[in-house]
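Remarks on the overall topology
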Amino acid sequence: MFAHEFFRNALLAGTFVALACGSVGYFVVVRAQVFAGDALSHVAFTGALAAAAAGIDARVGLFAATIAVALALGAIGGVRTRQPADDVTIGIVFAWVLGLGVLFLALFSSGSGAGDGLLGARALFGSIFGLSTADARLAAVIGVAIFAAILAIARPLLFASVDPGVAAVRGVPVTILGLVFLALVGATAAEATQAVGALLLLGLIAAPAGAAHRLTSDPYLALALSTGLAVLAMWLGLILSYAIPSLPPSTAIIATATACYLLAFLFSSRPRGGQRSARLHSAPDTVHRLAQN
Amino acid sequence: MLISTSAVVAAGPSLNPLSDLRQLTAYPFMVSALEAGTIVAGMAAVIGWFMVLRRQTFAGHTLSVMSFPGAAGALLIGLSAAAGYFLFTAIAALIIGAAAGTQTRRRQHGQEAAITGAVQAFGLACGFLFLSLYQGVLGNYESLLFGSFLGITHGQVLALALVAAVALALLAIAGRPLLFASLDEGVAQVRGVPTRTLSLGFLLLLGLAVAETAQITGALLVFALLVAPPATAQVLTPRIGLSLALSVLIGVLVTWVGLALAYFYEYPVGFYITTVAFVAYVLARVARARGDNPSPFTSKRALPAQEGA
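Cut-offs and rules
- Residues numbered from 1 in each chain as written.
- Chains lettered and ligands numbered in written order.
- Predicted model: local features only at pLDDT ≥ 70, side-chain atom pairs only at ≥ 80, totals over all residues.
- Helix = DSSP H or I, 4+ residues; strand = E, 2+ residues; numbered from the N terminus.
- Buried ≥ 20, exposed ≤ 12 C-beta atoms within 10 Å, placed from the backbone.
- Contact = placed C-beta atoms within 7 Å.
- Nonpolar A, V, L, I, M, F, W, Y, C, P; charged D, E, K, R; others polar.
- Axes fitted to C-alpha atoms, helices over the stretch in contact; angles between N-to-C directions.
- Parallel < 35°, antiparallel > 145°, perpendicular 65-115°, else oblique.
- Left-handed = near helix turned anticlockwise from the far one by under 90°.
- pLDDT = per-residue confidence, 0-100.

**Concerning the overall build of chain A**
A count of helices and strands for chain A gives 13 helices and zero strands. Listing each helix as α and each strand as β along chain A from the N terminus yields α-α-α-α-α-α-α-α-α-α-α-α-α. For chain A, with 293 residues in total, the buried portion stands at 57%. Intrachain contacts of chain A at a sequence separation of at least 6 include 76% that bridge at least 24 residues.

Right, here's the structure in full:
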């Protein structure tokens, strides 16, 4: 299995994509911004196709589109309410961006010949086994950068997520942190599109994080667990897909991540249901501890 | 997905509304498309109105993409696509509804969204699997995701009308308690409204509407018709009846304009519909920002005070 170069590349890129998704995902769930993550992942599709239609590197389009829309979503809401855009605004914006994606798909298809359907499919569903060594290395570097950025802002971000009011009083720049975080979600979406595709990457963001959020109320443990589960899902998915040739890698990865969540759900709902994971949001001790150090 | 009739039509719009209209309705396929589009837009506008009011946009989007694995799965085992659509959206609606039911409302919002997100990604992953099992390489994923107004038969239009009638009738029966539960769940619960049953029922209804709409607009673009016209209407007026009517009107107009543009110019209909819907929403927001009346729907409590729900 490891003798094949495509598999080694997939493993390298996949590991760091999962690292980024798992760590960013935990905050996405804690901040209840899964829908924003969903929107940004669909924006990635438009970005990739816009780049293709313009004839530039897909990655430029991916990162430019997702980060720009992320900042726009943060700004739309941020001006008046200091909250990120509400879900109706997000929904309308991203429905339109998807419509734009269809336009770019048509523009691109009319420009070139047969291979174009494949490009659209790749943007939507990923092609982790098709990465070159250079692609994989770049993906790994970006993955590490996102992970490092999340770790760097983890403490104030957590504080701002659990209790924005108290955090603001304590001098945490809540609005800017929100914007930076959304930009990171955008970058993660762009990064993960290459591996699992624009339509599926939400699973890698939401499922491991949801599972970790369910299993423990300690935020740092949950962050570690979420990242770990994402990487685990990635590895298992890649191995499964290698073993069963008719199973596409993206499907295998997302199915494994979903299975993690399902297990966490069954495991955590037996003893005293949702109360355990609810504790994080209401826990005065968490806020207190965060405020102290 | 493209209405590529430029060979037949050649001429662009003459900008004379009457002759343009005659040209639009000259071909049976276009008449069917307009009929189907009108039915779908009207129903999506009404059900979407409640979806926007209940802040269930994410659930709505998830249900709408579920039609992709539904159609792909049906294709794989040789069922009719409609059966697959309805089956998958119904399953997803039940899972999301059940998950929402086990959580206490505000506190667990993140967790509920995580479940919805996991369901969505898993469903899409299944769709991808079905499609690749079916054809080896992806063939016709585009029309499943982005829809096709072409080749709608008269029988399909009748079926659409029937489902729309059933969905709207159900909504008419449950409308009043649903409105109450959507505006103030706590008070509704105290007054004996079965909010959990209503919530689950509404998700199922949303799934039905979405499965229906997706057959025409594709899995990814249903959502534009579900969210944009109602949101525009709710920005424009606080009055419930007027807002519902406006929502339908905007939805139908957006669809007509989108179809007409796609007919006269070469780009995909999905692009035109989403763009027109988006522009309408932005105009509504700008118009409201210029006038000084406060947003009626951003604070949910404002509504019953003005309307006495």
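**Quick notes on the overall build of chain B**
In terms of regular secondary structure, chain B is built from 15 helices and zero strands. Counting across all 309 residues of chain B, residues that qualify as buried make up 54%. By sequence separation, contacts in chain B at least 24 residues apart represent 76% of the contacts at least 6 residues apart.

**Quick notes on the interface of chain A and chain B**
Facing the 48 residues of chain A at the interface are 49 residues of chain B. Listing elements by their share of the side of chain A that touches chain B, those giving two or more residues are helix H1 (5–30), helix H2 (34–54), helix H4 (87–111), helix H5 (116–125), helix H9 (201–215), helix H11 (249–269) and helix H12 (275–282) of chain A. When grouped by side-chain class, the residues that make up the side of chain A that touches chain B number 28 nonpolar, 16 polar and four charged.

**Some remarks on unusual backbone geometry**
Its identity as a non-glycine residue notwithstanding, Ala32 of chain A has a phi of 55 degrees, on the positive side. Tracing the sequence through the fold places Ala32 of chain A in the loop between H1 and H2. By the C-beta count within 10 Å, which is 21 here, Ala32 of chain A ends up buried. Here Arg55 of chain B, not a glycine, exhibits a phi torsion of approximately 55 degrees, which is positive. Within the secondary structure layout, Arg55 of chain B lies in the loop between helix H3 (28–53) and helix H4 (57–65).

**Overview of the environment of Gly60 of chain B**
Residues and elements named next belong to chain B. On the secondary structure map, Gly60 appears in helix H4. Looking at Gly60, the number of C-beta atoms within 10 Å reads 26, which means it is buried. With 166 residues separating them along the chain, Gly60 and Leu226 place their C-alpha atoms 8.0 Å apart.

**Focus: the packing of helix H12 (residues 222–236) of chain B against helix H13 (residues 240–264) of chain B**
All names here are of chain B. Running from N to C, H12 and H13 point in directions that differ by 135 degrees, and their axes come no closer than 8 Å. One element, H12, and the other, H13, form an angle in the oblique class. Considering the relative orientation of H12 and H13, their crossing is right-handed. For the pair H12 and H13, contact is made by Leu225, Pro229, Pro230, Thr232, Ala233, Gln234 and Leu236 and by Ser243, Leu246, Ser247, Ile250, Gly251 and Val254, respectively. Residues of the contact of H12 with H13, tallied by class, amount to eight nonpolar, five polar and no charged.

**Quick notes on the confidence of the model for chain B**
Residue and element names in this part refer to chain B. Overall, the predicted model of chain B reaches an average pLDDT of 78, with 80% of residues at or above 70. Of all secondary-structure elements in chain B, the lowest mean pLDDT belongs to helix H15 (residues 302–307), at 38, while H13 reaches the highest, 90. Low confidence marks residues 1–10, where pLDDT is under 50. Its contacts with residues over four positions away, or in another chain, come to 18 contacts. Residue range residues 298–309 is modelled with pLDDT below 50. Its contacts to residues more than four positions away, or to other chains, number 16 contacts.

**Considering the confidence of the model for chain A**
Residues and elements named next belong to chain A. On average, chain A scores 82 in pLDDT, and the residues at 70 or more come to 85%. For chain A, H12 is the element with the lowest average pLDDT, namely 44, and helix H10 (residues 219–243) is the one with the highest, namely 91. Every residue in residues 271–284 scores below 50 in pLDDT, and together they form 23 contacts with partners more than four places removed in sequence or on other chains.

**A look at the environment of Ala45 of chain B**
All names here are of chain B. Relative to the helices and strands, Ala45 resides in helix H3. Take Ala45: there are 27 C-beta atoms within 10 Å of it, and that puts it in the buried class. Put simply, Ala45 and Val227 are 182 residues apart on the chain and 7.8 Å apart in space, counted from C-alpha to C-alpha. If near-sequence neighbours (up to four positions away) are discounted, Ala45 is found in contact with Pro229, Pro230, Ser247, Val248 and Gly251.

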